[in-house]
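# A look at the structure
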Amino acid sequence: HEFIMKLAKSMQGAGPLTDNMLRRQFVTIDKDNSGSLDIGELRTVFANLSIDIDDSTLQKLLLLADGDGSNAIEWPEFKRMFQVVRTVAKNSPKVM
């Protein structure tokens, strides 16, 4: 998907994102302790990680990652989403 490539390119400058770092972000942003992140909370995660993402890309990412159709992303979906994007970023040529 083109939007995953776009996101992967924007993540190339964000530095390494470990599972522990992502888990801390998830728990910190999930202020209502629902165990999931809605689109607004997901936007905050990307902002905190200094990853530039537009609303269209964010919406597409949510739809793709939301395996159970809840309109929110639970931790396993969140982790899997970043694993995919990290793999794409790792295998993409660096943007000069």
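Scope of this entry: the structure provided in the associated data block. The residue numbering used here restarts from 1 in each chain and proceeds along that chain's sequence as written. The predicted nature of this model means local features are confined to residues of pLDDT at least 70 and side-chain atom pairs, given and counted, to a pLDDT of 80 or more, with totals for whole chains, interfaces and linings taken over all residues. Hydrogens and water are ignored here; the side-chain numbers use all heavy atoms of the structure.

Next up on the list: the nonpolar core. The term nonpolar core refers to a set of buried residues drawn from Ala, Val, Leu, Ile, Met, Phe, Trp, Tyr and Cys, joined through side-chain atoms within 4.5 Å. Only protein chains enter the area calculation, which uses a 1.4 Å probe; residues under 20% of their type maximum are buried, those over 50% are exposed, and those in between are partly exposed. Judged by nonpolar contacts, the single largest core of 19 residues is most densely connected at Leu-42, Val-45, Phe-46, Ile-73, Phe-78, Met-81 and Phe-82. Helix and strand labels come from DSSP, where a helix needs a run of H or I of at least four residues and a strand needs a run of E of at least two; each type is numbered from the N terminus. Only helix H2 (19–29), helix H3 (39–48), helix H4 (55–65) and helix H5 (75–91) provide two or more residues apiece to this core.

A word on the side chain of Ser-36. Tracing the backbone through its elements, the reader meets Ser-36 in strand E1 (residues 36–37). Residue classification places Ser-36 among the buried positions, given a relative accessible area of 12%. Ignoring sequence-local partners within four residues, the contact set of Ser-36 consists of Phe-26, Asp-30, Glu-41, Ala-72, Ile-73 and Glu-74. Residues count as neighbours in contact if any of their non-hydrogen atoms are within 4.5 Å of one another.

Glancing now at the packing of aromatic side chains. Aromatic pairs are defined between Phe, Tyr and Trp rings, using the six-membered ring for Trp, whenever the two ring centres lie within 6.5 Å; interplanar angles under 30 degrees are classed as stacked, those over 60 as edge-to-face, and all others as tilted. Summed over the entire model, instances satisfying the criterion amount to five aromatic pairs. On the numbers, 5.5 Å between centres and 25° between planes, the contact of Phe-46 with Phe-82 is stacked. With a gap of 36 residues between them, Phe-46 in helix H3 and Phe-82 in helix H5 connect regions that are remote in the sequence. Residues Phe-46 and Phe-82 agree in their burial class; the two are buried. For Arg-23, the ring lying beneath its charged end belongs to Trp-75, and the centroid distance is 4.9 Å. Two thresholds decide whether a charge sits over a ring: the Lys NZ or Arg CZ must be within 6 Å of the ring centre and within 35 degrees of the ring normal.

The geometry of H3 relative to H4 is characterised by a closest axis approach of 11 Å and an angle of 115° between their N-to-C directions. Viewed along their axes, H3 and H4 form a crossing whose handedness is right-handed. Contact with H3, carried on its side by Ile-39, Leu-42, Arg-43 and Phe-46, involves Asp-55, Leu-58, Gln-59, Leu-61 and Leu-62 of H4 and no other residues of that element. Here, axes are lines fitted to C-alpha atoms. For helices the fit covers the stretch in contact, and angles between N-to-C directions go from 0 to 180 degrees. Each crossing is labelled by how the near helix is turned from the far one, with a counterclockwise turn of less than a right angle marking it left-handed and a clockwise turn marking it right-handed.

What follows covers the side chain of Gln-25. If you trace the backbone, Gln-25 turns up in helix H2. The class for Gln-25 is buried, based on a relative accessible area of 16%. Ignoring sequence-local partners within four residues, the contact set of Gln-25 consists of Val-45, Asn-48 and Leu-49.

To continue, consider the pattern of salt bridges. Opposite charge on two side chains lets them pair, provided their charged atoms get close. The term salt bridge refers to a side-chain nitrogen of Lys or Arg lying within 4 Å of a carboxyl oxygen of Asp or Glu. Here the structure, examined in full by the defined rule, presents two salt bridges. Asp-19 is the salt-bridge partner of Lys-79, the closest N and O atoms lying 3.7 Å from each other. Taken together, the positions of Lys-79 in helix H5 and Asp-19 in helix H2 put the pair 60 residues apart, joining distant regions of the chain. Taking the relative accessible area as the measure of exposure, Lys-79 reaches 27% and is therefore partly exposed. By relative accessible area, Asp-19 is classed as partly exposed at 28%. For Arg-43, the salt bridge goes to Asp-55, with nearest N and O atoms at 3.1 Å. On the criterion of sequence distance, the pair formed by Arg-43 in helix H3 and Asp-55 in helix H4 is long-range, its members being 12 residues apart. Given the relative accessible area of 36%, Arg-43 is considered partly exposed.

None of the figures reported here should be taken as evidence of function without further support.
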